[in-house]
Amino acid sequence: MTSPLQQKIKIAGPVVVTANRVADGAVVYWRADGGWTTALGGAAVTTSAETARELVQAAISDGLRAVDPYVAPVKLTRDGEVRPGNLRELIRFSGPTIDLPVTFGI
Amino acid sequence: MYIYDDLDRTLVNERVAEFRDQVARRLSGELTEDEFRPLRLMNGVYLQLHAYMLRTAIPYGTLSSAQMHMLAHVARRYDRGYGHFTTRQNIQYHWIKLEELPDAMADFASVGMHGMQTSGNCVRNITTDQWAGVAPDEIEDPRVWAELVRQHVTLHPEFSFLPRKFKIAVGTSGHDRAALAIHDLALRLHRNGAGEIGFEVMVGGGLGRTPFLAKTIKPFLHKRDVLSYVEAILRTYNEFGRRDNIYKARIKILVHELGAEAFAREVEAEWQNVKDGALALDPAAFADVASRFVYPAYERLGDDPPAVGEARRADHCFDAWMDNSVTNHKVPGYAIVTLSLKPEGGTPGDATAEQMDAIADLADRYSFGEIRVGHEQNLVLPHVAQRDLPELWRALDAIGVATPNIGLISDIISCPGLDYCSLANTRSIPIAREITRRFRDHDLARDLGRLHINISGCINACGHHHVGHIGILGVEKNGEEFYQITLGGKADEGAKLGALIGPAVPYAQVADVVEDIAAAYVELRARPDELFIDTVKRTGIEPFRERVYATR
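Residues numbered from 1 in each chain as written. Chains lettered and ligands numbered in written order. Predicted model: local features only at pLDDT ≥ 70, side-chain atom pairs only at ≥ 80, totals over all residues. Heavy atoms only, no water.

Asks: What am I meant to see in the overall build of chain A here?
Replies: From N to C terminus, chain A includes 2 helices and 5 strands. Starting at the N terminus, the α and β elements of chain A follow one another as β-β-β-α-β-β-α. Residue burial in chain A is summarised as follows: out of 106 residues, 37% are buried. Across chain A, the fraction of contacts at a sequence separation of at least 24, relative to all contacts at a separation of at least 6, is 57%. (Helix = DSSP H or I, 4+ residues; strand = E, 2+ residues; numbered from the N terminus. Buried < 20%, exposed > 50% of the residue type's maximum accessible area, 1.4 Å probe, protein only. Contact = heavy atoms within 4.5 Å.)

Set out below in structure tokens:
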């Protein structure tokens, strides 16, 4: 597998760096001041490929807390809210699109 | 049931201790992810979209009630209260925390369960007919052979780093309920012309981006040679299988590129080196394995007790369930009962902890404490006295696993898809759920008859879409979910790959397309009892294509 550092990063809009937390696999986002957050709104957002590459590099250096960081697209709403940029990221952010199994009343 | 001995228990417990140490070293930073990944995969631990996923082996799909209770306990204690039964007769948990995994594995080990070889480039969980040992049409219980091979390949150092994963199924003559033709290696028990029981050996089956049906390389293999021949096949694959390209690494590609005859010659040559050595079957060793399969002490009962007939006449729901979900048993007075994990609007293969506990209790009460998992993602109680069927049905209905849709259009095989899986491009589960809603009318589903829909959320084909009577494959186009539809696939003794009917359709139209196909079938079938798959074979896909694309 090609290292994320060796991959060309092409971006067509705002992006964040995301990964899964080592301890429990939860989805996390890289903050502008370094470190991880589970809140997408707290993620460092960039539209620059060079900055995205730097963010990934910084995130990878923290291999103890998160697994396989990568650049993911986001959308910015008019009031500046950060939202996932595609279906995969939406599902990572908000969970499965189906309700989880229910108890059948026993 | 197979009874574990001290060796089995020691092996499983040692693996838990080893994995506990590995997890501790990962959490402390002593191991990097690159170092840890192959270790966790050897224990069935994946990282999915939202969390870690633990896959636990259920060898040849046989579970004791104590093991089923443990599945429920792990779901409740370490996950979100449910588990997902898979097409390899395993169970997956989708919300496991790495820091809790060693404890979950220790709990599993207490009932002889583990995740070894449920992932990685090794021999995976060996599957078989979910009716093994009880089906009237089988000539011998294939699980004994599956167990023998399982013991041989478990932690086998030579086969722990194969070019790619390797899936084995063991079946028996008669109707193929184990999807033999889509396996890397399939062993089919049958009798030769002299009346001896042995194996037909098939290799090179598999789905994914390059689907192939397995080819027979040895029509009859004597029982004594089964381990040495499997060894020869694995060695041949290990030597010649491609390691330079993950997409060409499965044995199916090797068999295809080399040709089945040339591959067979290589196997035969290798076999000559091992066939009369230590791997020649030792009758005493085989007898020991066979002796640890304990069969129920069946009562002497007659078929068709009058009370069941009365109950059928009194309750049409019970009658429909009897027709659909209850099958003849090889022992008079008993029945095989299939539990549907495909309720209307539900996720195929999912069961809650409460359901699992209840099923375990019902197995104790009505099925000698035994449960099976089928590759169609349903469960089976294999030893039910016919007199108990009305009472059992009421209990199963109360926990939502008595939907009378086994083998019908809403009995859908589905992978987890993009709702969970990091490999998927598209969702599978919502498609399956919507189709079950469209065909919620059991009379309509029964009228359509046997009809298998298989759905995969990506080309890896975990939902076996190539061999669905109707196959649905999700593909991404410009960020949108589209689905290709195939018709005419089947996974039984007449296995066949489905044919694509035309351009992919968008997510919102898939259930409509299935309704169109079902409507076309009703118009096209030669008579009411001509099965869907037979109509497709007779007419070809063209009339279905015309119907589907006429208004799209």
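Asks: Before we go on, may I ask you to explain the environment of B:Val16 in this structure?
Replies: Residue and element names in this part refer to chain B. Locating Val 16 in the fold gives a position in helix 1 (residues 6–28). Its relative accessible area of 10% is what places Val 16 among the buried residues. Through-space distance from the C-alpha of Val 16 to that of Leu 101 is 9.5 Å; in sequence the pair is 85 residues apart. Every residue in contact with Val 16, bar those within four places of it in the chain, is listed here: Pro 102, Met 105, Ala 106 and Ala 109.

Asks: I would appreciate a short explanation of the layout of surface pockets in the present structure.
Replies: Over the atoms, a rolling probe the size of a water molecule traces out where space has been left empty. Residues and elements named next belong to chain B. For the second largest pocket, the calculated volume is near 750 Å³. Lining of the second largest pocket is provided by 35 residues; of these, His 175, Glu 376, Gly 407, Arg 450 and His 452 occupy positions nearest its centre. Breaking the lining of the second largest pocket down by element, the ones donating at least two residues are helix 11 (316–325) and strand 11 (326–328). Top element by residues in the lining of the second largest pocket is helix 11. It accounts for 3 residues. (1 Å grid on protein atoms, 1.4 Å probe; cavity = no way out; pocket = protein on both sides within 12 Å on 5 of 7 lines; lining within 4 Å. Points joined across faces, edges and corners; volume = space filled by probe spheres on them.)

Asks: Help me out: how do you make sense of the packing of aromatic side chains in this one?
Replies: Given two aromatic rings, their pairing is described by the distance between the two centres and the angle made by the two planes. Residues and elements named next belong to chain B. Enumeration over the complete set of coordinates arrives at 19 aromatic pairs over all chains. A ring pair is formed by Tyr 334 and Phe 368, whose centres lie 6.2 Å apart and whose planes are at 40°; its orientation type is tilted. Taken as a pair, Tyr 334 in strand 12 (residues 334–339) and Phe 368 in the loop between helix 12 (353–366) and strand 14 (370–373) lie far apart in primary sequence, 34 residues in all. Residue classification places Tyr 334 among the buried positions, given a relative accessible area of 3%. Taken together, a centroid distance of 6.2 Å and an interplanar angle of 50° make the contact between Tyr 483 and Tyr 507 tilted. On the criterion of sequence distance, the pair formed by Tyr 483 in strand 19 (residues 480–487) and Tyr 507 in the loop between strand 21 (505–506) and helix 16 (510–524) is long-range, its members being 24 residues apart. Among the aromatic residues, those joined into a cluster by ring pairs are Tyr 2, Tyr 4, Tyr 60 and Phe 293. Of note, Arg 209 hangs over the ring of Tyr 247, and the distance from its end group to the ring centre comes to 4.1 Å. Above the ring of Phe 482, the side-chain terminus of Lys 477 is found at 5.2 Å from the ring centroid. (Phe/Tyr/Trp six-rings, centres within 6.5 Å; stacked < 30°, edge-to-face > 60°. Lys NZ or Arg CZ within 6 Å of the ring centre and 35° of its normal.)

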